[in-house]
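Chain and residue survey
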Amino acid sequence: MEKLIISVATTGAFTSREHTPYVPITPEEIADSVYEAWQAGAAIAHIHVRDKEGNPTLDLNTYREVVKRIQDKCDIILNLTTAGGLDLHEEDRIRVCELSPELASYDAGSMNFGSAVFENSPQMLERLASKMQEYQVKPEIEVFDIGMIHNALDVAKKELIKPPYFFQFVLGIKGGMPATAKNLMFLKESIPESSIWSAIGASKNQLAINTMSILLGGHVRIGMEDSIYYRKGELAKTNAQFVKRIVDLSNTLGREIATPKEAREMLGLKKRSVLIP
């Protein structure tokens with residue numbers, strides 16, 4: 001079984017200081033949290049940024065500040081969100097690719113997301129994939145339901161997404177697929193054989209989905225974007241806590257942890273810096 005790639009999602013769009021006092025919000029806090037997670041064993045950092053009021057933003061200068069702070073400290077792979085939230089402008093979402101990160105999120109379809117709608121039209125998906133290709137950004141194909149796999153593969157047929165595909169299964173979001181072993185197996189068996197896949201278990205489902213992913217040969221994402229509790233009733237104080245737990249669990253199960261360099265080789269990435277004028 002290949003080595004385990006750990007992605008850390010430190011912040012997200014929705015976790016606030018009202019939920020937990022420990023979520024990193026400012027550029028300095030986000031960068032420090034990513035660095036600590038890298039030290040603990042994370043190979044990829046999924047980056048959301050916030051404005052001065054703590055609201056989700058896709059402001060490129062804020063991205064640049066966070067990225068520079070991270071790149072000055074470590075070689076973790078940067079995966080910038082192109083979603084940022086549920087109601088951000090399409091042009092701003094696509095413009096994130098101009099920073100030329102190694103990875104960026106590619107939410108492969110529209111869905112009900114809690115009480116709101118997360119819109120990703122077929123036209124937008126083609127435009128986003130084209131922009132990613134222009135700036136040599138590999139899509140992290142986020143899948144909340146089975147149809148999103150087929151949406152992404154339809155775009156791939158137009159040669160806008162190149163293999164090996166990197167799928168991120170997101171389970172447990174209200175409006176998406178529940179976080180069950182049966183659903184994880186169904187998604188795993190529905191992607192091309194040469195694909196690389198990882199999985200997220202939202203909230204209380206994080207550790208269970210992490211464990212199944214490790215055993216099934218997939219990879220994992222953890223962090224305060226997905227869950228703020230280390231265990232029932234106990235808030236995690238750092239994102240590195242989640243990473244350390246996965247490292248220990250994976251080692252116990254006999255699976256080694258991939259470094260950023262090894263993860264790049266597995267994903268077909270070439271190390272480069274985000275564009276910072």
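Structural notes, computed from the coordinates. All figures in this text were calculated on a predicted structure; none of them were measured in a lab.

**Observations regarding the pairing of strand S12 (residues 219-222)**
The two faces of S12 match: His219 and Arg221 on one face and Val220 and Ile222 on the other face are all buried. When strand S1 (residues 6-9) meets S12, the two strands line up parallel, connected through three bridges. Looking at the pairing, Ser7 lines up with Arg221 of S12. With two bridges joining them, strand S11 (residues 196-201) and S12 adopt parallel strand pairing. When the bridges of S12 are listed, Ala199 appears paired with Val220. Read as a crossover between parallel neighbours, the route from S11 over helix H7 (residues 206-216) to S12 is right-handed.

**Observations regarding the layout of surface pockets**
Quantified by volume, the largest pocket comes out at close to 570 Å³. Along the wall of the largest pocket there are 32 residues; nearest its centre are Phe14, Phe113, Ile173, Glu225 and Asp226. Partitioned by chemical class, the residues of the lining of the largest pocket number 14 nonpolar, twelve polar and six charged. Size it by volume and the second largest pocket reaches roughly 380 Å³. The element contributing the most residues to the lining of the second largest pocket is helix H4 (residues 122-134), with three residues. Here the lining of the second largest pocket is composed, by residue class, of ten nonpolar, three polar and five charged.

**Comments concerning the packing of helix H1 (residues 27-40) against helix H2 (residues 60-71)**
The axes of two packed helices give the description: the angle between them and the distance between them. The interhelical angle for the contact between H1 and H2, taken along N-to-C directions, is 35 degrees, at an axis separation of 9 Å. With respect to the hand of their crossing, H1 and H2 are arranged in right-handed fashion. Side by side, H1 and H2 meet where Pro27, Glu28, Ile30, Ala31 and Val34 of the first sit next to Thr62, Glu65, Val66, Arg69 and Ile70 of the second. Classifying every residue of the contact of H1 with H2 gives six nonpolar, one polar and three charged.

**Some words on the sheet that holds strand S9 (residues 138-143)**
A barrel is described by the order of its strands in space; here eight strands give the closed sequence S1-S2-S5-S6-S9-S10-S11-S12, paired in parallel fashion. On average, adjacent strands in this sheet sit at an angle of 25 degrees to one another, irrespective of strand direction. Together, S9, strand S10 (166-171) and S11 form the strand contacts of helix H6 (residues 181-188), whose direction differs from that of S10 by roughly 160 degrees. Of the strands in this sheet, S1 and S12 are in contact with helix H8 (residues 239-252), which crosses S1 at around 160 degrees.

**Overview of the packing of aromatic side chains**
Throughout the structure, instances matching the rule amount to eight aromatic pairs. For the pair Phe113 and Phe118, a centre-to-centre distance of 6.2 Å together with 90 degrees between the ring planes defines the contact as edge-to-face. Each of the two residues, Phe113 as well as Phe118, counts as buried. Summarising the aromatic geometry, the rings of Phe169 and Trp197 are spaced 5.6 Å apart at their centres and angled 25 degrees between planes, so their arrangement reads as stacked.

Parameters at a glance
- Residues numbered from 1 in each chain as written.
- Predicted model: local features only at pLDDT ≥ 70, side-chain atom pairs only at ≥ 80, totals over all residues.
- Heavy atoms only, no water.
- Buried < 20%, exposed > 50% of the residue type's maximum accessible area, 1.4 Å probe, protein only.
- Helix = DSSP H or I, 4+ residues; strand = E, 2+ residues; numbered from the N terminus.
- Pairing = 2+ DSSP bridges.
- Right-handed = clockwise from strand over helix to strand, strands pointing away.
- 1 Å grid on protein atoms, 1.4 Å probe; cavity = no way out; pocket = protein on both sides within 12 Å on 5 of 7 lines; lining within 4 Å.
- Points joined across faces, edges and corners; volume = space filled by probe spheres on them.
- Nonpolar A, V, L, I, M, F, W, Y, C, P; charged D, E, K, R; others polar.
- Axes fitted to C-alpha atoms, helices over the stretch in contact; angles between N-to-C directions.
- Left-handed = near helix turned anticlockwise from the far one by under 90°.
- Contact = heavy atoms within 4.5 Å.
- Phe/Tyr/Trp six-rings, centres within 6.5 Å; stacked < 30°, edge-to-face > 60°.

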